[in-house]
Amino acid sequence: MLVVTNDVQPHSGSDLFPALKSNLYAQILAPENLRAAWKQVRKNKGAAGVDGISIEDYPEWVTPRWPALRRALVEGYYQPQPVKRIVIPKPSGGERHLGIPTIHDRVIQQAISQVLTPIIDPTFSNHSYGFRPGRRAHGAVNRVQHCIKRGLKVAVDIDLSKFFDRVNHDLLMARLGCHIRDKRVMSLIGKYLRAGIQADGQVRPNSLGVPQGGPLSPLLANVMLDPLDKYLEKRELPFARYADDFVICVASTSRGNRVKQQVSRFLERKLQLPINQEKSAVRSKRR
C-alpha cells in the first residue's frame, strides 16, 4: 500500500505488474520513483486542484485509496481529473492561463517526468535552456552575449503566441512516439492532455494545449519545440531558446527580417504554432 506520511512507503503487492519489469510503465509506478515524486510535489507546494485536496490533506486522503488508484493505473483504466483553470495577469499586459492538476495527478505526472527526462532530455539542443536539469535563464543570456561578441549584433526575438494553449496533441504525441515505445505510457500521457479544464464551475474538453502548471508540461513543451531547435541548427543559425521565447543572432537587420519570416513560416506549417507579432521583432543589440 502507498502510505504517504513523511515519505511514500513501498507497495508490497508486486503481483499487479506485468512479468516484464524493465518497461517504462513499471519504472514510473515503482515505489522508489513514486516516493521521489511525492517529495518533489510536496516541496513545490502549490494550490489544490478541482478536488480541493491540499498538499497537507493529501497523505490522509490517498492512504486508503491507493490500492484502487494503483490498480486503475496498472490496468490502464485510470482517468486523470480535469485541471483547474487559474488566470494570472502578466506584468507586461495580457493574461497567463495556468492549469492546476490535483495533487494526486501532480504526483503521477512528476513520476512520469522523472522516468522520461533522463531518456529524452539528452536528445535536446545544447541551446535550449528552459525547464531542463542544470540549465537556467542565465545560460541563454550568456549565449546571446557570446553571439554579440562574435559580431552578430542583430537579434531576432520571437515570442510564440499562447504557446501552451495551442500545442497540437497529434503532433506532440508523434514526437513523443520517437522516444517512447511503451504504449501504456503514451496512453496515460494522452489522457493527461485530454483531461479537460474546469473554469467557472464547468468542465470543458480540450483538444489543444499543454496546461501550464503540471509537472509534466515543461518536458512536453521542450519535446514539441525540439524540431524548431533542430531546424535552426541545420541552418547554422546561432540561437538561444528558453521555453517558448527564443533569440536568433544574425549580422544585419535585412538578414534578421528574412530569418524572422522563414522561421515564422516553419513554425506555422510544421508545428502549427503562430508567433506573437506584437512581441516579436528584429532588434540591434549593443551588449
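All chains use their own residue numbering, which begins from 1 and follows the written sequence. In view of the model being predicted, local features appear only for residues whose pLDDT reaches at least 70, and side-chain atom pairs are presented and counted only at 80 or more, with totals across whole chains, interfaces and linings using the full set of residues. To obtain the side-chain values, all non-hydrogen atoms of the structure were used and water was disregarded.

Brief notes about the overall build of the protein
Labels follow the DSSP assignment, with helices taken as runs of H or I lasting at least four residues and strands as runs of E lasting at least two, numbered in each case from the N terminus. Of regular secondary structure, the protein possesses 10 helices and 8 strands. For the radius of gyration, the atoms used are the C-alpha atoms, and the globule rule reads 2.2 Å times the number of residues raised to 0.38. Here the protein has a C-alpha radius of gyration of 21 Å; the compact-globule value for 287 residues is 19 Å, and the two agree. Based on the C-alpha atoms only, the size of the protein along its principal axes is roughly 65 × 45 × 35 Å. Using a 1.4 Å probe on the protein chains alone, a residue whose accessible area is under 20% of its type maximum counts as buried, one over 50% counts as exposed, and one in between counts as partly exposed. Burial statistics for the protein: of 287 residues in total, 52% are counted as buried. Taking the contacts inside the protein whose residues are at least 6 apart along the sequence as the reference set, 73% of them involve residues at least 24 apart. Pairs of residues are marked as contacts when any of their non-hydrogen atoms sit within 4.5 Å.

Section: the pairing of strand β3 (residues 154-159)
Side-chain direction in a regular strand flips from residue to residue, so the side chains alternate between the two faces of the sheet. With 6 of 6 residues buried, β3 is to be regarded as a mostly interior element. Every second residue of β3 is oriented toward a common face, with V154, V156 and I158 on one face and A155, D157 and D159 on the other, all of them buried. Two strands form a pair only when DSSP identifies at least two bridges running between them. Note: β3 against strand β7 (residues 245-250), 6 bridges, orientation antiparallel. Bridge assignment links V154 to a residue of β7, and that residue is V250. Relative to strand β8 (residues 281-284), β3 runs antiparallel, the two being bridged by 4 bridges. Bridging across to β8, V156 finds its partner in V282.

What about the pattern of salt bridges?
Think of a salt bridge as a Lys or Arg side-chain nitrogen and an Asp or Glu carboxyl oxygen that are within 4 Å of each other. Applying the stated criterion across every chain yields a total of 7 salt bridges. Ionic pairing is found between R184 and D182, a salt bridge with its closest N-O pair at 4.0 Å. R184 sits in the partly exposed class, given a relative accessible area of 27%. By sharing partners, the salt bridges in this structure join R175, D226 and K230 into a single network.

Quick word on the sheet that holds strand β5 (residues 202-204)
As summarised here, the arrangement of the 4 strands in space is β2-β1-β4-β5, forming an open sheet in which the pairing is mixed. Looking at strand neighbours, the two that pair on one side only are β2 (95-100) and β5, the edges of this open sheet. Adjacent strand axes in the sheet meet at a mean angle of 40°, parallel and antiparallel pairs treated alike. Pairing geometry for strand β4 (residues 197-199) and β5, over 3 bridges, is antiparallel. Each residue of the ladder has a partner; that of Q198, found in β5, is V203. The convention used is that axes are lines fitted to C-alpha atoms, helices contributing only their stretch in contact, and that angles between N-to-C directions extend from 0 to 180 degrees.

Some points on unusual backbone geometry
A positive phi is found at A243, a non-glycine position, where the angle reads about 60°. Mapped onto the secondary structure, A243 falls in the loop between β6 (239-242) and β7. The phi dihedral of Q272 falls on the positive side, at around 55°, and the residue is not glycine. Tracing the backbone through its elements, the reader meets Q272 in the loop between α10 (253-270) and β8.

What about the nonpolar core?
Judged by nonpolar contacts, the single largest core of 68 residues is most densely connected at L176, I189, I248 and V263. Sort the elements by how many residues they give to this core and helix α9 (residues 217-234) lands first, with 9 residues. In this structure V263 touches I158, L228, Y231, L232, F246 and I248, once residues within four positions along its chain are discounted. Only buried residues count toward a nonpolar core. Its members are Ala, Val, Leu, Ile, Met, Phe, Trp, Tyr and Cys residues joined through side-chain atoms within 4.5 Å. The next biggest cluster of nonpolar side chains, apart from the first, holds 10 residues, and it includes L152, A155, A240 and C249.

It is worth stressing that arrangement in space is one thing and function is another; only the former is reported here.
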